[in-house]
Amino acid sequence: PTLLVRGDTGAVEELSGIDPPLGIWEEQKFTEVRAPFRCGDVAVFYSDGVTEAASPVGELFGVARLKALLGAARGATAHDLVARIRAAASSHAGGGPMS
């Protein structure tokens, strides 16, 4: 799910909808989800390469770990968030490729 990080509190919300992954089929239908955005809020779109990054013992990075990272990064720029996500998932995977 897309994650919405609230700029004022750092709270992380899932914008849910059970839809197919992007780019799998030529014609796809998606559920429209509306969420109020406030100044400083950030929508985070990510691939399974982040959540499925596996540690050397096979533990997945997961959505919970991603949410914790985002909540702790309140006020970060989009560029900084991308760098933090990439570094955390890579570190979790032992510095190797992420799934």
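Position numbers for residues count from 1 along each chain, tracking the sequence in the order it is written. Predicted model: local features are reported for residues with pLDDT of at least 70 only, side-chain atom pairs are reported and counted for 80 or more only, and whole-chain, interface and lining totals are derived from all residues. Water and hydrogen atoms were dropped before computing side-chain values, which therefore reflect all heavy atoms in the structure.

### Looking at the sheet that holds strand β1 (residues 2-5)
Reasoning step 1: Here we have three strands laid out as an open sheet, ordered β2-β1-β3, and antiparallel in their pairing. Lying at the two open borders of the sheet, with one neighbouring strand each, are β2 (12-15) and β3 (42-44). If you compare each strand with its neighbour and ignore which way they point, the axes differ by 30° on average.
Reasoning step 2: Two strands pair under a simple rule: DSSP has to find at least two bridges between them. The helix count covers DSSP runs of H or I at least four residues long, the strand count covers runs of E at least two residues long, and both are numbered beginning at the N terminus. Relative to β2, β1 is paired through four bridges, and the arrangement is antiparallel. If you follow threonine 2 over to β2, its bridge partner there is leucine 15.
Reasoning step 3: Along the sheet, helix α2 (residues 62-72) contacts β1, β2 and β3; its crossing angle with β2, the most-contacted strand, is approximately 130°. The convention used is that axes are lines fitted to C-alpha atoms, helices contributing only their stretch in contact, and that angles between N-to-C directions extend from 0 to 180 degrees. The contact definition used throughout considers only heavy atoms, calling two residues in contact when any of these lie within 4.5 Å.

### A look at the environment of serine 90
Reasoning step 1: Structurally, serine 90 is set in helix α3 (residues 78-92).
Reasoning step 2: For the pair serine 90 and phenylalanine 61, spaced 29 residues apart in sequence, the C-alpha separation works out to 9.4 Å.

### Let's talk about the nonpolar core
Reasoning step 1: Here, nonpolar core means buried Ala, Val, Leu, Ile, Met, Phe, Trp, Tyr and Cys residues that are tied together by side-chain atoms lying within 4.5 Å of each other. Buried, partly exposed and exposed residues are distinguished by accessible area as a fraction of the type maximum, computed with a 1.4 Å probe on protein chains only: under 20%, between the cut-offs, and over 50%, respectively. Residues Val44, Val50, Phe61, Leu66, Leu70 and Ile85 are the most contacted members of the largest nonpolar core, which totals 15 residues.
Reasoning step 2: The set of elements that each furnish at least two residues to this core consists of β1, α2 and α3.
Reasoning step 3: Phenylalanine 61 has contacts with Val50, Thr51, Ala53, Leu66, Ala88, Ala89 and His92, leaving out every residue within four places of it along the chain.

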